[in-house]
Amino acid sequence: MRRYSSEQWAEWIQEQQKSGLSIAAFCDSIGVSANAFYWRRRQLAENYSAGVTSSAPSDFVALRLRPDSAGTLVEVDLPCGATVRVCDENAVGDVVAALLNHGAER
């Protein structure tokens, strides 16, 4: 089994978010399991939250997603304490990217 660096996983996580593909489809395209992807994404987010940022790019942000029971609303809790509510879970990546771009402009 091939081992990939934390930097590689962080890059793939960002690529998946920008790709518009589901995690399963993205993982199929790069030849890794979706379970490994979810595990590494969670691990990188936990490291980021704990202040261990050397293994993740500076624009990697830890997020917690809470879909509602109907699956039509996604709430994104940002590290700053703000909550973003999005009715289309496919648009979450676009919303987060816009927030990150806005933060980078300041």
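Residues numbered from 1 in each chain as written. Predicted model: local features only at pLDDT ≥ 70, side-chain atom pairs only at ≥ 80, totals over all residues. Heavy atoms only, no water.

Peer 1: How would you sum up the overall build of the protein? Please name residues and give values.
Peer 2: Regarding its fold elements, the protein presents 4 helices and 3 strands. Each helix and strand of the protein, placed in order from N terminus to C terminus, yields the pattern α-α-α-β-β-β-α. Counting across all 106 residues of the protein, residues that qualify as buried make up 26%. Considering only intrachain contacts with a sequence separation of at least 6, the fraction spanning at least 24 residues in the protein is 28%. Total accessible area computed for the protein in this model is approximately 7,100 Å², and 50% of it derives from carbon and sulfur atoms. (Helix = DSSP H or I, 4+ residues; strand = E, 2+ residues; numbered from the N terminus. Buried < 20%, exposed > 50% of the residue type's maximum accessible area, 1.4 Å probe, protein only. Contact = heavy atoms within 4.5 Å. Areas by Shrake-Rupley, 256 points an atom, 1.4 Å probe, with all protein chains shown as cover.)

Peer 1: I'd like a rundown of helix H1 (residues 6–19), residues and numbers included.
Peer 2: Over its 14 residues, H1 extends 20 Å from the first C-alpha to the last, a length consistent with the 20 Å expected when each residue adds 1.5 Å. Taken residue by residue, H1 has Trp9, Ala10, Trp12, Ile13, Gln14 and Gln16 as its buried positions. Immediately downstream of H1, the backbone of glycine 20 shows phi near 80°, a positive value. (Expected span 1.5 Å × (residues − 1).)

Peer 1: Kindly report on the packing of H1 against helix H2 (residues 23–30), identifying the contributing residues and their values.
Peer 2: The axes of two packed helices give the description: the angle between them and the distance between them. Running from N to C, H1 and H2 point in directions that differ by 125°, and their axes come no closer than 10 Å. Here H1 lies oblique to H2, going by the angle between them. For the crossing formed where H1 meets H2, the hand is right-handed. The residues of H2 that touch H1, namely those facing Trp12, Glu15, Gln16 and Ser19, are Ile23, Phe26 and Ile30. Class assignment of the residues belonging to the contact of H1 with H2 gives a composition of 4 nonpolar, 2 polar and 1 charged. (Axes fitted to C-alpha atoms, helices over the stretch in contact; angles between N-to-C directions. Parallel < 35°, antiparallel > 145°, perpendicular 65-115°, else oblique. Left-handed = near helix turned anticlockwise from the far one by under 90°. Nonpolar A, V, L, I, M, F, W, Y, C, P; charged D, E, K, R; others polar.)

Peer 1: Give a description of the confidence of the model for the protein that names residues and reports values.
Peer 2: A low pLDDT score tells you not to read the predicted coordinates there in detail. Confidence along the protein averages 74 in pLDDT terms, with 58% of residues attaining 70 or more. Ranking the elements of the protein by mean pLDDT puts strand E1 (residues 64–67) last, at 61, and H2 first, at 93. Below a pLDDT of 50 lies the segment residues 53–57, which in the model reaches 10 contacts outside its immediate sequence neighbourhood of four places, other chains included. (pLDDT = per-residue confidence, 0-100.)

Peer 1: Please give an account of the packing of aromatic side chains that cites residues and values.
Peer 2: According to the stated counting rule, one finds 5 aromatic pairs in the structure shown. When the centroid spacing of 4.8 Å and the interplanar angle of 65° are considered together, the rings of tyrosine 4 and tryptophan 12 count as edge-to-face. Ring centres of tryptophan 9 and phenylalanine 37 lie 6.5 Å apart, and the angle between their planes is 65°; on these two criteria the pair is classed as edge-to-face. In this pair, tryptophan 9 is assigned in helix H1 and phenylalanine 37 in helix H3 (residues 34–49), connecting sequence segments 28 residues apart. (Phe/Tyr/Trp six-rings, centres within 6.5 Å; stacked < 30°, edge-to-face > 60°.)

Peer 1: Let's hear about the side chain of glutamine 16: which residues, and what values?
Peer 2: Among the secondary structure elements, glutamine 16 is positioned in helix H1. Residue contacts for glutamine 16: discarding those within four places in its chain leaves Leu21, Ser22, Ile23, Phe26 and Phe37.

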